Amino acid sequence: MPRGVEALDLPVRNGASGPSRGPYRRNTMAHLDSEVNEECLRQDLKFYFMSPCEKYRARHQIPWKLGLQILKIVMVTAQLVRFGLSNQLVVAFKEENTVAFKHLFLKGYSGIDEDDYSYSVYTQEDAYESIFFAINQYHHLKNISLGTLGYGENEDNRIGLKVCKRHYKKGTMFPSNETLNIDSDIETDCLHIDLQALSKNPQDWKNSSFFRLEFYRLLQVEISFHLKGIDLQTIHFRELPDCYVFQNTITFDNKAHSGKIKIYFDSDAHIEECKDLNISGSIQKNTQYILVFDAFVIVICLASLILCTRSIVLALKLRKRFLNFFLEKYKRHVCNADRWEFINGWYILVIISDLMTIIGSILKMEIKAKNLTNYDLCSILLGTSTLLVWVGVIRYLGYFQTYNVLILTMQASLPKVLRFCACAGMIYLGYTFCGWIVLGPYHDKFEDLDTVAECLFSLVNGDDMFATFAQIQKKSILVWLFSRLYLYSFISLFIYMILSLFIALITDSYDTIKKYQQNGFPDTDLQEFLKECSSKEKYQKESSAFLSRVCCLRRKGSDDHLILIN
């Protein structure tokens, strides 16, 4: 028996003999032990659900995680801004080179794309001139280009252009007689033109049989070539330059055989490690400083990850203690709502954010050292992690009743909103498919399924309504009348009914939360258990020294860490 309990002077019933005092003493001690364990569990639970400031006032426990999260917000945001500025240089260099390539290799390019293609030709002469113009410009690239460009090797490790044409295997066509005889099998012929062949008499390769195009069975002509370039603008920002490989493709699309050949230009840029960089100055030192900063961010996020993981593990142990105690004392299980109270979703959010920040920072360090070039994946990881970090700030605002309304309203309305969106989504999909199949041939915004979905979403938000009505073609009166019925019914249904009901669901949850804040929230089993602490406050004041001493003597050594659980 512990020393603190052994010295207690327990009351003896009148007339009780010496031997009969043993069972009474044991029952009293068992009852006292149960009360001590219950009180210790109640104090641990009460401490777990305190805010960091309340914990500091209660036990002078320094809120390490709070300070670490604040530091992490500053560090991660600074890292993202620095990476974003560097990424802007990459994006600007790619876009400007793409525009330069279009002006260099597309004959008569106006500087503005016609649609999803660059421009179009309507005569055979223009088609031939456009093909030969692109080949000649490639030959004289070094003499006409303003950029730091050079020739690159293609997939076959050859320098030059690759010209491929796709056409129907054979056939004859006489539109005036409305006769057609064609083999629908498609053939692909390719020709590689290297720099040596281009340096010879141009008429030698222009008069080749390969360039005798039969436009009535021609489907596509594709000119592909690789160029290399170096981005020197990064030097002005004290960063190491990047080496690029541009995979350029010029496509002459004649699949429609409508008398209009659409010309597409596609440039796919890849960053490669420069083989030999000799740059003097302070660039190398600046790179080292950035790498050290990224390493410090990784250490901060790793510490935050460990602390939050530890808190979740200890919270699960505390939940197990509470479930066992509740089942033993009240002979029933705790409700699911109380079980989930121990799972702190904010910690899970922080853990996901930390993992993404650590992986993104490692990729960023490799990119900065020019060992990797995957800017897109690094941007997604760092951008999403920063988003989650700033969303996590709401957790600390939630400790104040005024700011907690947003979080509680979202929690209360989310199940109802999801069920409502599932029902409304069926109607939305129906309108999407209907608009695509009926209005697609007559309206640019209804040509593709994804375009239709985006157009309808814009209409729900009241955007671009008049243009959607006005751009419908009046080639078919029946379709035009159907378009009016379609658009009016969709707008009326979704804006005046569905959207209003959606807002009403959220408003109803908000009003419920406001009433609960004024009149009190419904008590669960866990909250009722914690409230017993306040009902026994008078008794605790009288025996606080005794209970705290016995609680410390009775608690196992393995449970000591549960006190500092959060």
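Below is a summary of the structure that appears in this document. None of these values were measured; they are calculated from a predicted model.

1. Describing the overall build of the chain
In terms of regular secondary structure, the chain is built from 19 helices and nine strands. Looking at the chain residue by residue over its 566 residues, the buried ones come to 38%. If you take every contact in the chain between residues at least 6 apart in sequence, the share linking residues at least 24 apart comes to 71%. When the accessible area of the chain is evaluated, it comes to approximately 33,200 Å², of which 58% is carbon and sulfur surface.

2. Description of the pairing of strand β9 (residues 261-272)
Side chains of β9 alternate between two faces, with I261, I263, F265, S267, A269 and I271 buried and K262, Y264, D266, D268, H270 and E272 left unburied. Strand direction decides the pairing type here: strand β1 (residues 119-121) and β9, joined by three bridges, are antiparallel. Residue pairing in the sheet places Y119 in a bridge with I263 of β9. Relative to β9, strand β8 (residues 242-253) is paired through 11 bridges, and the arrangement is antiparallel. Paired with D253 across the strands is K262, a residue of β9.

3. A few points about unusual backbone geometry
Despite not being glycine, H257 has its phi angle at roughly 50 degrees, a positive value. When you line up the elements, H257 lands in the loop between β8 and β9. Residue D464 is not a glycine yet carries a positive backbone phi of 60 degrees. As for its position among the elements, D464 is in the loop between α15 (449-460) and α16 (465-470).

4. Focus on the environment of I491
If you trace the backbone, I491 turns up in helix α17 (residues 477-519). Considered as a pair, I491 and G462 are 29 residues apart in the sequence and their alpha carbons are 8.7 Å apart.

5. A few points about the packing of aromatic side chains
Under the definition given, this model contains 25 aromatic pairs. Here F101 and F105 contribute two aromatic rings whose centre-to-centre distance is 6.2 Å and whose plane-to-plane angle is 50 degrees, an arrangement assigned as tilted. Placement of the pair is F101 and F105 together in helix α4 (residues 64-105), with a separation of four residues, close to one helical turn. Looking at F105, the relative accessible area reads 1%, which means it is buried. For the pair Y128 and F132, a centre-to-centre distance of 6.1 Å together with 25 degrees between the ring planes defines the contact as stacked. Residue Y128 and its partner F132 are both found in helix α5 (residues 124-139); the two are separated by four residues, about one turn of the helix. Since its relative accessible area comes to 22%, Y128 is described here as partly exposed. Site record: aromatic cluster; members linked through ring pairs are F93, F101, F105, Y138, Y151, F225, Y244, F246 and F265. In this structure, K165 packs its charged tip against the face of F210, placed 4.8 Å from the ring centre.

6. Some thoughts on the pattern of salt bridges
Taken as a whole and assessed by the stated rule, the structure comprises six salt bridges. Linking D294 and K364 is a salt bridge whose minimum nitrogen-to-oxygen distance equals 3.0 Å. Taken together, the residues D294 in helix α9 (residues 283-330) and K364 in helix α11 (residues 345-368) connect sequence positions 70 residues apart. Exposure remark for D294: the relative accessible area of 0% places this residue in the buried category. Here K364 falls in the buried class, since its relative accessible area comes to 3%. When the shortest N-O distance is used, the salt bridge between D508 and K416 registers 3.4 Å. Residue D508 is found in helix α17, and its partner K416 is found in helix α14 (residues 404-439); the two are separated by 92 residues along the sequence. K416 sits in the partly exposed class, given a relative accessible area of 26%.

7. Brief notes about the nonpolar core
One recurring pattern in soluble globular proteins is that nonpolar side chains are buried together. Core analysis: the biggest nonpolar cluster contains 51 residues, and F105, I131, I135, F211, I223, L227 and I250 have the highest contact counts within it. Dropping the residues within four chain positions of it, I250 is found in contact with F105, L106, A134, V221, E222, I223, F225, I263, Y264 and F265. F420, F446, V479 and L487 belong to the second-largest nonpolar core, a separate cluster that totals 21 residues.

8. Observations regarding the side chain of T409
In this structure, T409 sits in helix α14. In this structure T409 touches I506, S509, Y510 and I513, once residues within four positions along its chain are discounted.

9. Concerning the state of the cysteines
A covalent bond bridging the sulfur atoms of two cysteines is what the word disulfide describes. Tallied over the entire structure, the rule returns one disulfide. Sulfur-sulfur distance for the disulfide between C164 and C190 comes to 2.1 Å. In this structure, the disulfide formed by C164 and C190 twists by about 110 degrees around the S-S bond and is classed as right-handed. Of the two residues, C164 sits in strand β3 (residues 160-168) while C190 sits in strand β6 (residues 186-194), which places them 26 residues apart along the sequence. Residue C164 is classed as buried on the basis of its relative accessible area, which comes to 12%.

Definitions and cut-offs
- Here, residues in each chain are numbered from 1, in the same order as that chain's written sequence.
- Owing to the predicted nature of the model, reporting of local features is limited to residues with pLDDT of at least 70; listing and counting of side-chain atom pairs is limited to 80 or more, with chain, interface and lining totals taken over all residues.
- Only hydrogens and water are set aside; all other atoms, that is, all heavy atoms of the structure, feed into the side-chain values.
- Numbering of helices and strands runs from the N terminus; a helix is a DSSP stretch of H or I covering at least four residues, while a strand is a stretch of E covering at least two.
- Relative accessible area decides the class of each residue, using a 1.4 Å probe on protein chains only: under 20% of the type maximum gives buried, over 50% gives exposed, and in between gives partly exposed.
- Contacts: residue pairs with any heavy atoms within 4.5 Å of one another.
- Here the open area of atoms and residues is found with the Shrake-Rupley method and a 1.4 Å probe, where only the protein chains shown may cover a residue.
- Between any two strands, at least two bridges found by DSSP are needed for them to pair.
- Ring geometry is summarised as follows: Phe, Tyr and Trp rings, the Trp one being its six-membered ring, pair when their centres sit within 6.5 Å, and such pairs are stacked at plane angles under 30 degrees, edge-to-face over 60 and tilted between the two.
- To sit over a ring, a charge needs its Lys NZ or Arg CZ within 6 Å of the ring centre and within 35 degrees of the ring normal.
- Whenever Lys or Arg places a side-chain nitrogen within 4 Å of a carboxyl oxygen from Asp or Glu, that contact is recorded as a salt bridge.
- Residue types Ala, Val, Leu, Ile, Met, Phe, Trp, Tyr and Cys, when buried and joined through side-chain atoms within 4.5 Å, form a set referred to as a nonpolar core.
- For this text, the term disulfide refers to a pair of cysteine sulfurs within 2.5 Å.

Spatial relationships are all this shows, so hold off on functional conclusions.
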